Amino acid sequence: MTAISLISSTKCFGGLQKIYSHQSKELACEMKFAVFLPAAAEDRRLPVLYWLSGLTCNETNFIQKAGAQRYATEHNLIVVCPDTSPRNVNLPGEDDSWDFGSGAGFYVDATQEPWSKHYRMFSYVTQELIELINGNFPTVANKMSIAGHSMGGHGALICALKNPGLYKSVSAFAPISNPTRCPWGEKAFGGYLGVDSKEEWKRWDASELVAGYNGPPLELYLDQGSEDSFLKDGQLLPQNLVDACRAAQVPCVLNMREGYDHSYFYVASFIGEHIAYHARHLQ
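Per chain, the residues get numbers from 1 upward, laid out in the order the sequence is written. Two thresholds apply to this predicted model, a pLDDT of at least 70 for residue-level local features and 80 or more for giving and counting side-chain atom pairs, whereas whole-chain, interface and lining totals are computed over all residues. In computing side-chain properties, one takes all heavy atoms of the structure into account and sets aside hydrogens as well as water.

### Here we look at the UniProt feature "active site" (unreviewed entry) in the protein chain
Heads up, the rule is: UniProt positions are given in the numbering used here, feature names are shortened, and annotations may be inferred rather than shown by experiment. Space inside and on the surface of the protein is sampled on a 1 Å grid over the protein atoms alone, with a cavity defined as a set of points where a 1.4 Å probe fits but cannot get out and a pocket as an open set with protein on both sides within 12 Å along at least 5 of 7 lines; lining residues have an atom within 4 Å of a point. Helix numbering and strand numbering both begin at the N terminus, where a helix is a DSSP run of H or I of at least 4 residues and a strand a DSSP run of E of at least 2. Between buried and exposed lies partly exposed: a residue is buried under 20% and exposed over 50% of the maximum accessible area for its type, with that area taken using a 1.4 Å probe on protein chains only. The contact criterion used throughout is that any non-hydrogen atoms of two residues lie within 4.5 Å. Between N or O atoms, a polar contact is any pair within 3.5 Å; within protein, one atom must be a potential hydrogen donor and the other a potential acceptor, and residues adjacent in sequence are included only when both atoms are from side chains.
In the numbering used here, UniProt assigns the feature "active site" (unreviewed entry) to Ser150, Asp228 and His262. The largest pairwise C-alpha distance within this set of annotated residues, which runs over 113 residues, is 10.9 Å, so the set is compact in three dimensions. Within the annotated group, the residues that form the lining of the largest pocket are Ser150, Asp228 and His262. Mapped onto the elements of the fold, Asp228 is located in the loop between β8 (220–225) and α8 (229–232). Given a relative accessible area of 0%, Asp228 falls into the buried group. When near neighbours in sequence (up to four residues on either side) are disregarded, Asp228 contacts Ala174, Leu236, Tyr260, Asp261 and His262. Here Gln224 takes part through its side chain, which lies 3.1 Å from a polar atom of the side chain of Asp228. For His262, a relative accessible area of 12% corresponds to the buried category.

### Let's talk about the sheet that holds strand β3 (residues 29–37)
What counts is decided by this rule: Two strands qualify as a pair provided DSSP detects at least 2 bridges between them. A fitted line through C-alpha atoms represents every axis, and for helices the fit uses only the stretch in contact; the resulting angles, taken between N-to-C directions, go from 0 to 180 degrees.
The nine strands are arranged β1-β2-β3-β5-β4-β6-β7-β8-β9 in an open sheet whose pairing can be described as mixed. Only two strands of the sheet have a single neighbouring strand rather than two, namely β1 (4–12) and β9 (252–257). With direction set aside, neighbouring strand axes in the sheet form an average angle of 20°. As paired strands, β1 and strand β2 (residues 15–24) are joined by eight bridges and run antiparallel to one another. In the sheet register, Ser5 faces β2, and the bridge partner there is Ser21. Here helix α4 (residues 151–161) sits on the sheet and contacts β4 (46–52), β6 (139–149), β7 (170–173) and β8; the angle it forms with β6, its principal contact strand, is near 140°.

### A word on the packing of aromatic side chains
Counted only if it meets this: Pairing of aromatic side chains requires ring centres within 6.5 Å, counting the rings of Phe and Tyr and the six-membered ring of Trp. Pairs whose planes differ by under 30 degrees are stacked, by over 60 edge-to-face, and all others tilted. Definition used: whenever NZ (Lys) or CZ (Arg) falls within 6 Å of the ring centre and also within 35 degrees of the ring normal, the charge is taken to sit over that ring.
Within this structure, the stated rule accounts for 20 aromatic pairs. With 5.4 Å between their ring centres and 70° between their planes, Tyr20 and Phe137 make a pair best called edge-to-face. One end of the pair, Tyr20, is in strand β2; the other, Phe137, is in the loop between α3 (121–136) and β6, with 117 residues separating them in the sequence. The two residues Tyr20 and Phe137 agree in class, both being buried. A connected cluster of aromatic rings, assembled from ring pairs, spans Trp51, Phe62, Phe173, Tyr260, Tyr266 and Phe270. The ring of Trp201 carries the charged tip of Lys198 above its face, separated from the ring centre by 5.0 Å.

Have a look at this one:
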């Protein structure tokens, strides 16, 4: 069992909000993750909801701003929130911009040097982290769901689509839905996967992946604020994903939230609905 080190533990809604660190083999660096354990975890095993955060975030943003612990307690779910990228791996340019490198791993497995040694967030989230959580906490090992926000919404969608049957459900707040066609995605995929590797890019794009999805029934549960500046700037492109789902006959729900933006005020307003959605699938 991989050793984990407790950084902090705080009582919250009767449970415990904890932060741990560990040495990641996949990312070849020390990583941190947050885990919320409802009181029910003291005497029984519980399902797990994985949350992937967005650009510039780390393992603390969601647990401090979304208010998810109240709903996790209500539905008896463990909630796990990893960091969004490797940290302090001393790669040239890792801290030069907010939308690439540190805090911007995009949940892909990089193929380009020098990023390929450390920037393997997809494998970290879908393999190493799951093994770590199941090995150290009272989980029901085969009952997992995944959700995320913005870059993390993109991450949640591709983790579910590329691993049919691994997660019982998936949801995303304001996801980067078609990264091969937006500036954020073009920059990240060009750097991590290669500027000329456009076919490889498609393997990490939810709007491309739905066409080839072949697994248990999976509904994409999407949420989007109408006043999101990144929606208006063409970074998110949710309709492209809805259209791709319709063409592929993959069930998709898009909740348009009138007047809401991209912030955690928006996420906090609807996180209860999302956790209830996942709880139904994790029963």
